[in-house]
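Per-entry structural report
Residues per chain are reported as follows:
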There are 4 protein chains.
Amino acid sequence: MIVVMKPEATQDQIEHVRDHISALGLQPQVIVGQHQTVIAAIGEERPGLVETLEPAPGVEKVLPIMAPYKRASSELKKERTVVRARSLEIGGKAIGVIAGPCSVESEEQIVSLAIKLKALGATGLRGGAYKPRTSPYSFQGHKVEGLKMLATARAETGLAIVTEVMAPEHVPVVAEYADVLQIGARNMQNYQLLTAVGDSGKPAFLKRGMSATMDEFLLAAEYILDRGNDQVILCERGVRTFEEHTRFTLPLASVPYLQAKSHLPVVVDPSHGTGKAPLVPPMARAAIAAGADGLMVEVHDDPEHAMSDGAQTITPEAFARMMAECRRVAEAVDRTF
Amino acid sequence: MIVVMKPEATQDQIEHVRDHISALGLQPQVIVGQHQTVIAAIGEERPGLVETLEPAPGVEKVLPIMAPYKRASSELKKERTVVRARSLEIGGKAIGVIAGPCSVESEEQIVSLAIKLKALGATGLRGGAYKPRTSPYSFQGHKVEGLKMLATARAETGLAIVTEVMAPEHVPVVAEYADVLQIGARNMQNYQLLTAVGDSGKPAFLKRGMSATMDEFLLAAEYILDRGNDQVILCERGVRTFEEHTRFTLPLASVPYLQAKSHLPVVVDPSHGTGKAPLVPPMARAAIAAGADGLMVEVHDDPEHAMSDGAQTITPEAFARMMAECRRVAEAVDRTF
Amino acid sequence: MIVVMKPEATQDQIEHVRDHISALGLQPQVIVGQHQTVIAAIGEERPGLVETLEPAPGVEKVLPIMAPYKRASSELKKERTVVRARSLEIGGKAIGVIAGPCSVESEEQIVSLAIKLKALGATGLRGGAYKPRTSPYSFQGHKVEGLKMLATARAETGLAIVTEVMAPEHVPVVAEYADVLQIGARNMQNYQLLTAVGDSGKPAFLKRGMSATMDEFLLAAEYILDRGNDQVILCERGVRTFEEHTRFTLPLASVPYLQAKSHLPVVVDPSHGTGKAPLVPPMARAAIAAGADGLMVEVHDDPEHAMSDGAQTITPEAFARMMAECRRVAEAVDRTF
Amino acid sequence: MIVVMKPEATQDQIEHVRDHISALGLQPQVIVGQHQTVIAAIGEERPGLVETLEPAPGVEKVLPIMAPYKRASSELKKERTVVRARSLEIGGKAIGVIAGPCSVESEEQIVSLAIKLKALGATGLRGGAYKPRTSPYSFQGHKVEGLKMLATARAETGLAIVTEVMAPEHVPVVAEYADVLQIGARNMQNYQLLTAVGDSGKPAFLKRGMSATMDEFLLAAEYILDRGNDQVILCERGVRTFEEHTRFTLPLASVPYLQAKSHLPVVVDPSHGTGKAPLVPPMARAAIAAGADGLMVEVHDDPEHAMSDGAQTITPEAFARMMAECRRVAEAVDRTF
């Protein structure tokens, strides 16, 4: 941690900060510059330390040095994590593809779609049973009945089930039916939920919050890892910016960045990341070229009559073409599909 | 709802959309323009309708007309809502001021501070017992013990307690001790929590999510209102942008905007909205001049040793000066203080 | 400047950076931390130095310490700058108000409007003669004829003329007629234009770019100051964010921030900052309460028939009410009006 | 254009808007909805029309229907534009690669680097002679001498020269030496410059402004096209968002979006788009997979001693590896390289 003093800081103020650093169990080192003094604090940089130094008189700013996450860091664990759940493997050489409808609508729908998706190469099945909706008047999902429909689709296809859990009290029931517990973007900083998913022992699929920084994203993963659960998949699903031609802005540079900073696998969701069906296949290809370990894609037999997210959902026919294209790109970057 | 067809849309596609609108129980009206056709759908514009029309072939975009919220709307309820809880009144002519530390640290701290704040004109006491923290390694709050300390401070001062509730299962215990249940920015779209707070019957203090639009903010309030609880205070606390000289960007135009669109009172939090103690008093003044119904401000006797948020916390002395300044501004806009 | 080495940096890499710093004429100081080494570079931190150190092997990041601007800094010049041009004074105790139409439309329009605005308390007259327009098909301004109309309005009222100059080659003619040269938000980093305005010797009115940081804004001012022209007014006019209920997001915390970092006066433009006429008066009041040294407001006799920016333009009647309100707020913050 | 009236709009206000639309030469069509009335305006939707209707009493909002650009639109011109300049061809099946240093530093540097880049497959040479710099104290480029050095490099290699022009008055001299005139992100809305480049008859390389929407970007191209110059290359170079781990956020969904809306070719600049050398190759691969027609990449023999942009500049060795990777991805999407 580096404390930058204001140019007009007094000697007393500098000594006060130096003593404060010592009191925190760190070793202060004062560097007198031409215009201003900076004080380095040597030792373990615990979260929250920055906060205690910023209000001190004469302090201009405090610059943290170390990454605030530990267990998610590639410094702590050099080998890459591979998350496995039945048919699904994310983080190895093979690229995992989780596909399915936004919402589970009926048993017939999810089973027949799962059979098609499996045949086209999907390795996981998505489908919302508990749906977080912006409006209280929108369809909120079939809940437990939806979970049972997903389990039937799994029984028919062997596909691992990835489905969202919205509240700590739902973790047991969702964990009973699902193979991977998804934490949605709106819940990325729902710490009770992160902790409950960590405790469940089930693999977690953690979506980036729509305005989360990389540090915040990895710290959310840290909440799960800190419960002894190291099966965490990170999912880039787009961030909120001024852009209006897409629903969100999908920043793929986060893929190689996260892979450098963390050992956790990284999946991209081009459906939410663009919000527009015609942009899903090119962004799926781009995600693989950027090095993504997997894709999550919304597919529906009849997007026009889907109960949610129709505009960003592709048909099985478009999914088939997308898979063929992605297979070629995967080979070009030495991945299998 | 207006459906804009692509310039190259065929007559079949136009008829398909027209029929789809009829099937939804709305009345379609086709307008043939010089370059493209648009189809107006007349009737109740339910949430989710837009989604079903966007994927139809030949559709360029769908433009909603009506606001998606109902109970929060100033169209439905013309008179302004006043939220009352003991000493606190927000939404009337008097401006409410909720002040206190980021975290409740000890009984002594919160009681002595509450006495000072009351003497300086605060009408509510804030203080975190359950703390949502970005890092699992940061101080997470004293939980139930913190709630008891707040209750003691209330017993000493009569100040209404405003404190955050982070999970649905905590609502009963927080509601037992607190007068107003705060929903934090990170939980603005935690729908289980919104519903539980709605059901509690306690007044709610709803913070804007850091990248929430106005419609999303009012729809989050709608979740609470929809449970029959109409005591909701909206709080603007800043949004995430590219700006880096402040912790968040505090957009005060949301104050008059929300007051025009909704009957709910609007409070501003200049502490989180700027993240810098020296910017808190000028933005508190500005909030009042913009018409805010109240302020929420972080105050601590010794910000340098506060357990959280020190950099944005002001001292009781600075709070006293801020209150004197704000009183004058309030009078200038015909509000009392 | 602080160079943070990667945890895995080798001794050779550390020495390489140390030598590089010495070669730049700075004094390196190596601090060996528990997890990683940081190297402080003591001496004059010239722009561009950071860039030369970031690509060196083993370097994680480089943290600048000093502000990159000099002449705009309040460290260099302690007393606040007051910009004066005829009737206009910005930066003293009195708040300056520059009002007028978006575009100068006709001599009759601008003269009659100027007379009204003067009577209502405006101290400067705005009006576009050269108009930067997003579309090549929009009205581009009356150019020199517009300047002459402004000069006539000045002859009638004595109001100082503030008008935009869009290109270096127009500086001489605009400087011939105008009292203050406005540089628009889109041109904030048009360095040829900044230099030409600096060389003109005329006071400059510099609008913040719609995605400019504070450092970039003050460095744009630095281009003007560096030509020996110290008559620069900074104007906050809103930034581009995800918010869609306003045309831009108007962040008033920039007012006290800029006033702390710089000696230059700060004006707020609530017309562009909101894009909505009903939000202009509350944000004008808020700007003054936040400490702004002046306002720039778009006023037109008939906004519905204005040649540009109608939606954000207020009528003289609304301006009269706004001025009365602002006068009271100004008094509440010990400013005159 | 659709005018949405407020729910409380009076019959007089509705008739006023209807008459206003007629007066504009458009045909109004009134649609009486359940909650509010909307009025469609049929006819040519000229820029600026929206502005005249928004301030009318009783109007809630005005929704434009048509794209505001014409000549850049794929509706007007169905076949895709191919821009050709000597060795460079952008927009056909082959992907163009423009590589070179941020700044031209010396003749020896640019010539020797150009020879290497040509051998590695580059089809165009970049290099700044006129440099727009955030700080007046940074290196501003070798100007005309830099142009001459670029011409020498072209004479040695045959590579087309792409270099930035910063001001209208520099267009003649830059056009004398360069093959393609680059307009930088900061100048995307410098309309005098766009017009001058349009008039030059030289191919233009137009970078997206760092907070420009797609409509604004295509309207900037429209300024060039409107001068009869149809040789325009669009370049996505990243946008400004809250993300801080990269210099800008690089949103590749703009590539397929622009290609659908416009006939102009689209190039991606992963150097500015990320600001970090290690992220350049993965994002170059992703850009090609997303369908980009070309790349612009900063390469320097010794990034550590580059006069600008070192942190985002790759070495010729890294460029060689990147080219080999990109060639494979290009083949996977049926493009040549």
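An unreviewed UniProt entry lists chain A under the name 3-deoxy-7-phosphoheptulonate synthase, from Tautonia sociabilis.

A word on the pattern of salt bridges
Applying the stated rule across the entire model yields 68 salt bridges over all chains. A salt bridge links Asp226(A) to Arg71(A); the shortest N-O distance between them is 3.2 Å. With Asp226(A) in the loop between helix H7 (214–225) and strand E12 (232–236) and Arg71(A) in the loop between strand E4 (59–63) and strand E5 (83–85), this residue pair connects regions lying 155 residues apart in the sequence. Residue class for Asp226(A) comes out partly exposed when judged on its relative accessible area of 29%. For Glu236(B), the salt bridge is made with Arg208(B), and the minimal N-O distance between the two is 2.6 Å. Of this pair, Glu236(B) sits in strand E12 (residues 232–236) while Arg208(B) is found in the loop between strand E11 (204–207) and helix H7 (214–225), placing the two residues 28 residues apart along the sequence. A relative accessible area of 0% places Glu236(B) in the buried class.

Details of the sheet that holds strand E4 (residues 59–63) of chain D
All names here are of chain D. One open sheet holds the four strands; their spatial order is E2-E3-E1-E4, and the pairing between them is antiparallel. The strands lining the two open edges of the sheet, one partner per strand, are strand E2 (27–32) and E4. Averaged over neighbouring strand pairs, the angle between their axes works out to 20° when direction is ignored. Alignment of E2 against strand E3 (residues 37–42), held across six bridges, turns out to be antiparallel. The residue bridging proline 28 from the neighbouring strand is alanine 41, located in E3.

What to know about the pairing of strand E1 (residues 2–5) of chain B
Residues and elements named next belong to chain B. Neither face of E1 is left uncovered, since the one carrying Ile2 and Val4 and the one carrying Val3 and Met5 both have all their residues buried. Pairing of E1 with strand E4 (residues 59–63), which is carried by four bridges, proceeds in the antiparallel orientation. Bridge assignment links isoleucine 2 to a residue of E4, and that residue is leucine 63. Where E1 meets strand E3 (residues 37–42), three bridges bridge the pair, whose relative direction is antiparallel.

Brief notes about the side chain of Thr274(D)
Relative to the helices and strands, Thr274(D) resides in helix H9 (residues 270–274). Reaching out from Thr274(D), the side chain makes a polar contact with the backbone oxygen of Pro270(D) at a distance of 2.9 Å. The residues touching Thr274(D), leaving out its near neighbours within four places in the chain, are Ala253(A), Thr246(D), Arg247(D), Phe248(D), Leu279(D), Val280(D) and Met283(D).

What to know about the interface of chain A and chain B
Counting from both sides, the interface comprises 50 residues of chain A and, opposite them, 50 residues of chain B. Buried area between chain A and chain B, both sides added, is near 4,100 Å², and the carbon and sulfur share of it is 51%. With its nearest N and O atoms 2.6 Å apart, the salt bridge here joins Glu216(A) to Arg240(B). Of the residues assigned to the side of chain A that touches chain B, the class counts are 20 nonpolar, 17 polar and 13 charged.

Overview of the nonpolar core
One broad trend across soluble globular proteins is that nonpolar side chains are buried collectively. By size, the foremost hydrophobic cluster in this structure holds 335 residues, and its most contacted members are Leu252(A), Leu252(B), Leu252(C) and Leu252(D). Beyond its immediate chain neighbours, meaning those up to four positions away, Leu252(A) contacts Val268(A), Met283(A), Ala286(A), Ala287(A), Ala290(A), Leu250(D), Leu252(D), Met283(D) and Ala286(D).

Side note on the environment of Leu125(C)
Residue and element names in this part refer to chain C. Position of leucine 125 among the secondary structure elements: in strand E8 (residues 124–126). According to the relative accessible area criterion, leucine 125 is buried, its value standing at 0%. Sequence spacing of leucine 125 and arginine 84 is 41 residues, and the spatial spacing of their C-alpha atoms is 14 Å. Excluding anything up to four places from it in sequence, leucine 125 contacts Ile98, Ala99, Gly100, Ile110, Ala114, Leu117, Leu150, Ala153, Leu159, Ala160, Ile161 and Val162.

Observations concerning the sheet that holds strand E1 (residues 2–5) of chain A
All names here are of chain A. Reading across the sheet, the four strands line up as E2-E3-E1-E4 and stay open at both edges, with antiparallel pairing between neighbours. Both edges of this open sheet fall to strand E2 (27–32) and E4, since each of them pairs with a single strand only. On average, each strand axis in the sheet is tilted by 20° relative to the strand beside it, whichever way the strands run.

Let's talk about the interface of chain B and chain C
Opposite the 37 residues of chain B that make contact, chain C presents 37 residues. Of the roughly 2,700 Å² buried where chain B meets chain C, counting both sides, 69% is carbon and sulfur surface. Ranking the residues of chain B by area buried against chain C places Phe242(B), His245(B) and Arg328(B) at the top, with a combined share of 22%. In this structure, the connection of chain B to chain C is made through four salt bridges. Linking Arg208(B) and Glu243(C) is a salt bridge whose minimum nitrogen-to-oxygen distance equals 2.6 Å. At the junction of chain B with chain C, the criterion picks out 10 residue pairs in polar contact (both at pLDDT 80 or more). Within the residue set of the side of chain B that touches chain C, elements represented by two or more residues are helix H8 (254–261), helix H10 (280–290) and helix H11 (316–332) of chain B. Among the elements that make up the side of chain B that touches chain C, the one with the highest residue count is H10(B) (six residues). Its residues placed into classes, the side of chain B that touches chain C shows 20 nonpolar, nine polar and eight charged.

Calculation rules
Residues numbered from 1 in each chain as written. Chains lettered and ligands numbered in written order. Predicted model: local features only at pLDDT ≥ 70, side-chain atom pairs only at ≥ 80, totals over all residues. Heavy atoms only, no water. Salt bridge = Lys/Arg side-chain N within 4 Å of Asp/Glu carboxyl O. Helix = DSSP H or I, 4+ residues; strand = E, 2+ residues; numbered from the N terminus. Buried < 20%, exposed > 50% of the residue type's maximum accessible area, 1.4 Å probe, protein only. Pairing = 2+ DSSP bridges. Axes fitted to C-alpha atoms, helices over the stretch in contact; angles between N-to-C directions. Polar contact = N/O pair within 3.5 Å; in protein donor to acceptor, adjacent residues only side chain to side chain. Contact = heavy atoms within 4.5 Å. Buried area = accessible area lost by both parts, 1.4 Å probe. Nonpolar A, V, L, I, M, F, W, Y, C, P; charged D, E, K, R; others polar. Core = buried A, V, L, I, M, F, W, Y, C linked by side-chain atoms within 4.5 Å.

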